[in-house]
Amino acid sequence: MPVAHVNGVDVSFEEHGRGEPVVMVAGTGAPGRVWRAHQVPALRRAGYRVVALDNRGSGAHPGEPGDFTLADMVADVAGLIEHLGQGPCRVVGHSLGGIIAQELVLARPELVTQAVLMSSSGRADALMRAMAAADLEQADSGVKLPPAVSAYQLAIQNLSPRTLNDEDKLRDWLGVLEMSPPDPSAVRAQLGIEVIPNRLAHYRKIARRCLVIGFQDDLIVRPHLSRELAEAIPSARYTEIPGCGHYGYLERPEAVNVALTDFFAV
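What this report covers is the structure whose coordinates are included nearby.

1. A word on a nonpolar patch on the surface
Alright, step 1. Together, Val143, Leu145 and Val149 line one region of the surface with nonpolar side chains, adding up to about 200 Å² of accessible area.
Alright, step 2. In this fold, Val149 is placed in helix 5 (residues 147-158).
Alright, step 3. Residue class for Val149 comes out partly exposed when judged on its relative accessible area of 35%.

Printed below as a string of structure tokens:
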């Protein structure tokens with residue numbers, strides 16, 4: 001996997017395909033490879049070159065700095081785009097990755113042509129703050145949940161009733177989640193970064209075209225938070241995908257991929 005030294009850290013990234021670049025930014029604790037199964041093939045078929053990075057704090061580099069801010073993560077993505085000589089380009093982010101992407105568009109608009117913000121918000125509400133505090137407390141406690149317990153909790157939090165009520169699909173999901181349980185202590189430095197103050201007034205200055213995607217059954221970033229983000233960005237439009245939760249890009253990838261490619265084609 002290529003590594004770029006930008007903004008004082010080594011950033012690992014993957015490149016797939018040829019054509020105009022799309023930089024993809026994953027959410028808290030997720031590596032860049034989460035896009036491989038569904039989004040990378042769809043974007044390659046549509047003629048794009050996909051660049052997917054591992055955010056700092058994702059555990060990709062054990063020696064990386066342990067304390068950093070949202071601004072640092074934004075600067076990492078900006079530095080990678082400049083390192084690759086690919087700006088301006090399209091940027092896609094999910095959850096924390098969406099927040100990074102919208103802050104990038106605000107701070108460095110010359111690097112971005114279009115942005116897709118999935119399960120993102122312009123502020124952290126009480127539930128998001130409580131969730132972040134709980135994650136930090138677990139990480140600091142040193143307690144590791146048994147894989148089956150972790151898989152169950154992740155399924156309840158991140159999947160839609162449509163999937164939870166389909167026993168065959170649920171069985172597959174639980175198997176995958178149990179094989180790769182998250183370790184909060186490994187991504188401790190990322191936890192809580194998504195807890196941002198109300199930034200909606202600032203996002204009214206964004207001049208690039210944005211697509212905000214909400215997932216109907218998302219319990220982590222409820223759709224009304226994504227909808228108000230879209231309403232704050234003058235050039236944004238909002239679409240909500242039914243029948244999926246926070247993992248919507250994995251749970252209903254076909255719908256997400258159509259939304260991405262249709263938006264990029266305009």
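2. As for the nonpolar core
In a soluble, globular protein the nonpolar side chains are often hidden away together inside.
Alright, step 1. Ranked by internal contacts, the top residues of the largest apolar core, which has 41 residues, are Val23, Val91 and Leu104.
Alright, step 2. Broken down by element, the residue count for this core peaks at eight residues, all from helix 2 (residues 70-84).
Alright, step 3. In this view, Val23 contacts Val51, Leu53, Val77, Ile81, Cys89, Arg90, Val91 and Val92; residues no more than four positions away in its chain are not counted.
Alright, step 4. Listed in part, the 25 residues of the second largest apolar core include Ala26, Val116, Phe215 and Phe264.

3. A few points about unusual backbone geometry
In most cases, non-glycine residues show a negative phi, while peptide bonds are predominantly trans.
Alright, step 1. Following Gly87, the chain continues into Pro88 via a peptide bond in cis, with omega recorded as -10°.
Alright, step 2. In this structure, Pro88 sits in the loop between helix 2 and strand 5 (89-94).
Alright, step 3. At Asn7, a residue that is not glycine, the phi angle is positive and equals roughly 55°.
Alright, step 4. Structurally, the position occupied by Asn7 is in the loop between strand 1 (3-6) and strand 2 (9-16).

The rules behind each value
- Residues numbered from 1 in each chain as written.
- Predicted model: local features only at pLDDT ≥ 70, side-chain atom pairs only at ≥ 80, totals over all residues.
- Heavy atoms only, no water.
- Patch = residues over 30% accessible without salt bridge, like charges linked within 9 Å, V, L, I, M, F, W, Y side chains within 5 Å.
- Areas by Shrake-Rupley, 256 points an atom, 1.4 Å probe, with all protein chains shown as cover.
- Salt bridge = Lys/Arg side-chain N within 4 Å of Asp/Glu carboxyl O.
- Helix = DSSP H or I, 4+ residues; strand = E, 2+ residues; numbered from the N terminus.
- Buried < 20%, exposed > 50% of the residue type's maximum accessible area, 1.4 Å probe, protein only.
- Core = buried A, V, L, I, M, F, W, Y, C linked by side-chain atoms within 4.5 Å.
- Contact = heavy atoms within 4.5 Å.

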